[in-house]
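Each chain, written out:
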Amino acid sequence: MTLCPLLLGSDYLRFVAVLILINAIAATGVNLSMGYCGLVSVGHAGFLVIGAYVAAFFVNHISTSAVLAIAGGAVAAGAAGIVIGLPTLRLNPLYIAMVTFGFGQAANLVAVNWIEVTGGPNGLAVNPPTILGFEASNTTLYLATAALFLASSWVASCSGQSRLGRAFLAIKESEIAARSMGIAVERYKMIAFAISSIMVGIAGGLYALVSGYVNPDAFVFQVSVLLVTMCVAGGLGRLSGPIIGAAILTILPELLRPFAEYKELLSGIILLGFLVLMPRGLASLVGGWIDALIKQRPA
Amino acid sequence: MNRDIILSVIKVSLAFGGNRILTDVSLDVDRGRLFAIIGPNGAGKTSLFNVLTRLYDADRGQAVLDDANLFDLSPTDLARAGVMRTFQNILVLKELSVLDNVLLGLHTTYRTSLVTAAFGTISYRREERHRRDLAVEALKVVGLEAVANLPAGSLPFGYLRLLELARCIVSRPKLILLDEPSAGMTSQEIERLTDTIELIRQSLNPTILLIAHTMKLVMQVSDRILVLDHGAVIAEGVPKEIAANQAVIDAYLGRVSDDAAA
């Protein structure tokens, strides 16, 4: 699946396939903090903004290296995650949702208004990046995306199955039980949130480099909600959930292009159908074998 | 007489607003013994456990665990120091397997860092394998090894209590707090629980604090019994003394007070 972009003939299909992988990385990040640890965020588009604009800034002004740009975006998003998380994660879930909502809006407003750096509402063209000194072709960028997708799935899989994932799930289910097991609840929430923001930052950076253009419209509130929806529709707290969710919710709007007028309505109805018919997500239906494929063998 | 006291509680009081939950509760627990706390519903037994496991902050009083001031420790410190508990309203993770639930009890015993866990390194996996062996051993003690790989949510009620017990003992803690492990159990399950507690005492020799309503269990396994009523200690002694204590019988069966009768 990760190599599909190379097999597809048309540039358009390739771009959609890469978009799926990028969304899957971001949704995997959201799934770690929300699906495993129970931290519902409706502002993760804020980390996409940071990842994307920092990567764009790196490529345009500091070094054309794609690796450095994406790493820069990831570090910046991770740092933002820690800054947001430190005061917020002690609060109850409702407040976490409110603060992340505010963060997402604020990040977007900065992108709109800090015109000297971000280009404002008109957006910003990203110079062609290089990988290991060579100018990156579309193909190499696709490969890099695929590699980062695999890496993030690997980390999600290892985290999910290790004592880290057990601690996250314990916190989601009962903070009291988690505490008495010796799990430092605040610390683990912070870890989940940080990994999550880093993954979303990576997705943002990839998006900037692959599309060659960033503008604030790509990271609005609806995108935060979309990431959450990907996890829920795909299956919360499952490895394959966000991947399946990302695939469907990236393809769906493309398929519905001919019915542009009714696109929103149709997506809504289809999503509602998923939620009603498969409350535990699509992954519970078809994900078993995907989990088995990706999962590391139990130690 | 030279007593080896592991836990000493000195005049601990707790109130929620004007509601007094615990009043000047004192007790000493000898190492390696089973110390039962009984009392009518609402006597403050679970609240005392919550104070001792640092889920609640006591308003007054002190508690000394070995040489440490217990109220200076966080719940995480307590787990590291070898204090584990079970809950009256069972807290197991239904989505996880039975084995994974037990592994949670070993959370603080890992030596490798979290980064190695996130990347699934060889050193982490080796350690995880070792922890799994320990978890299977604990499951054998409570007799649940056959269902180790089933999701915990699929177990019947009595098994969940045993699972909590396995999670509680897997790290070989020095002090175990069992909050009503027999609640809701059939008499057959209680017999099994009694045997399991005896087995745990023989093999691990921990100190156990036990809250229970099932008198048969309490009388059979306890070395000492403390009776709480309305947040205060009304009696303490060996099982025989408690069974004959008039104040205890009154607290349990109710008594028409002289004032009310007059």
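It should be emphasised that the depicted structure is a prediction, and the values quoted were computed from it without experimental measurement.

Rules and cut-offs
Residues numbered from 1 in each chain as written. Chains lettered and ligands numbered in written order. Predicted model: local features only at pLDDT ≥ 70, side-chain atom pairs only at ≥ 80, totals over all residues. Helix = DSSP H or I, 4+ residues; strand = E, 2+ residues; numbered from the N terminus. Rg over C-alpha atoms; globule rule 2.2 N^0.38 Å. Buried ≥ 20, exposed ≤ 12 C-beta atoms within 10 Å, placed from the backbone. Contact = placed C-beta atoms within 7 Å. Pairing = 2+ DSSP bridges. Axes fitted to C-alpha atoms, helices over the stretch in contact; angles between N-to-C directions. Domains from an automatic or database assignment. Nonpolar A, V, L, I, M, F, W, Y, C, P; charged D, E, K, R; others polar. Expected span 1.5 Å × (residues − 1).

*Asks:* Any chance you could explain the overall build of chain A here in plain terms?
*Replies:* Each helix and strand in chain A was counted, giving 14 helices and four strands. A compact globule built from 299 residues would reach a C-alpha radius of gyration of about 19 Å, and chain A, at 18 Å, matches this within 12%. In terms of overall dimensions, chain A has C-alpha extents of about 50 × 40 × 40 Å along its principal axes. Burial analysis of chain A (299 residues in total) assigns 53% to the buried set. Summarising the internal contacts of chain A: among those between residues at least 6 apart in sequence, 78% fall at separations of at least 24.

*Asks:* I keep staring at the overall build of chain B and nothing clicks. Help me out?
*Replies:* Summing up its helical and strand segments, chain B has 11 helices and 10 strands in all. Against the 2.2 N^0.38 benchmark of 18 Å for 262 residues, chain B shows a C-alpha radius of gyration of 20 Å, consistent with a compact globule. Each of the three principal axes of chain B carries a C-alpha extent, and together these read 75 × 40 × 40 Å. In chain B, which comprises 262 residues, the proportion classed as buried is 42%.

*Asks:* Explanation requested: the sheet that holds strand 9 (residues 224-229) of chain B in the structure shown.
*Replies:* Strand pairing in a sheet is mediated by backbone hydrogen bonds. Such pairs are either parallel or antiparallel. All names here are of chain B. Pairing is mixed across the open sheet formed by six strands, whose spatial order is 6-7-8-3-9-10. Whereas interior strands pair on both sides, the edge strands pair on one side only; in this sheet they are strand 6 (83-85) and strand 10 (232-237). Ignoring strand direction, the axes of neighbouring strands in this sheet form an average angle of 15 degrees.

*Asks:* Sorry if this is basic, but what is going on with the domain arrangement of chain B here?
*Replies:* It is common to give the size of an interface as the accessible area that goes away when the parts come together. Residues and elements named next belong to chain B. Along its sequence, chain B is carved into domain 1 (17-82 + 173-262) and domain 2 (91-171). A C-alpha centroid distance of 27 Å is found between domain 1 and domain 2. With 14 residues of domain 1 at the contact, the number on the domain 2 side is 11 residues. Among the elements of the structure, helix 2 (75-81) and helix 7 (187-204) are those that each provide at least two residues to the side of domain 1 that touches domain 2. A per-element tally of the side of domain 1 that touches domain 2 places helix 7 first, with six residues. Along the lines of polarity and charge, the residues of the side of domain 1 that touches domain 2 split into eight nonpolar, four polar and two charged.

*Asks:* It is not clear to me how unusual backbone geometry should be interpreted in this structure. Could you clarify?
*Replies:* When glycine is set aside, most residues are seen to have a negative phi, and most peptide bonds are trans. Residues and elements named next belong to chain B. Residues other than glycine seldom take positive phi values, yet Asp24 does so here, at roughly 45 degrees. For Asp24, the location among the structural elements is in strand 2 (residues 19-30). Look at Asp24 and you get partly exposed, because 13 C-beta atoms sit within 10 Å. The residue Asn205 is not glycine, and still its phi comes out positive at about 50 degrees. Turning to its location among the elements, Asn205 is positioned in the loop between helix 7 and strand 8 (207-211). Take Asn205: there are 12 C-beta atoms within 10 Å of it, and that puts it in the exposed class.

*Asks:* Explain helix 3 (residues 45-62) of chain A to me, please; I cannot follow it from the model alone.
*Replies:* Along an α-helix, a turn takes 3.6 residues, which lines up residues three or four apart on a common side. With 18 residues, helix 3 of chain A extends 24 Å from end C-alpha to end C-alpha; this agrees with the ideal 26 Å at 1.5 Å per step. Counting buried positions along helix 3 of chain A gives 15 out of 18 residues, so the element sits mostly inside the fold.

*Asks:* Looking at this model, I keep getting lost on the interface of chain A and chain B. Mind explaining?
*Replies:* At the interface, 23 residues of chain A touch 28 residues of chain B. When residues in the side of chain A that touches chain B are grouped by element, the largest group, seven residues, is from helix 8 (residues 163-173) of chain A. Taken together, the residues that form the side of chain A that touches chain B break down as 13 nonpolar, six polar and four charged.

*Asks:* Teacher, can you tell me more about the pairing of strand 3 (residues 34-38) of chain B here?
*Replies:* Side chains on a regular strand alternate between the two faces of the sheet. Residues and elements named next belong to chain B. Burial runs high along strand 3: five of the five residues are buried. Neither face of strand 3 is open: one carries Leu34, Ala36 and Ile38, the other Phe35 and Ile37, and all of them are buried. Sheet analysis places strand 3 next to strand 8, joined by four bridges and oriented parallel. The residue bridging Leu34 from the neighbouring strand is Ile208, located in strand 8. Note that strand 3 and strand 9 share four bridges and pair parallel. When the sheet's bridge partners are listed, Phe35 is paired in strand 9 with Arg224.

*Asks:* Whenever I open this one, helix 13 (residues 263-277) of chain A confuses me. Can you help?
*Replies:* Taking 1.5 Å as the rise per residue, helix 13 of chain A with 15 residues should run 21 Å; its terminal C-alpha atoms sit 21 Å apart, in good agreement. Sparse coverage of helix 13 of chain A is indicated by the burial of zero of its 15 residues.

*Asks:* Explanation requested: the sheet that holds strand 2 of chain B in the structure shown.
*Replies:* All names here are of chain B. With antiparallel pairing, four strands are arranged side by side in an open sheet as 2-1-4-5. This sheet does not close on itself; its edge strands, each paired only once, are strand 2 and strand 5 (68-69). With two bridges connecting them, strand 4 (residues 60-65) and strand 5 associate as antiparallel partners. In the strand pairing of strand 5, Val64 is matched with Asn69.

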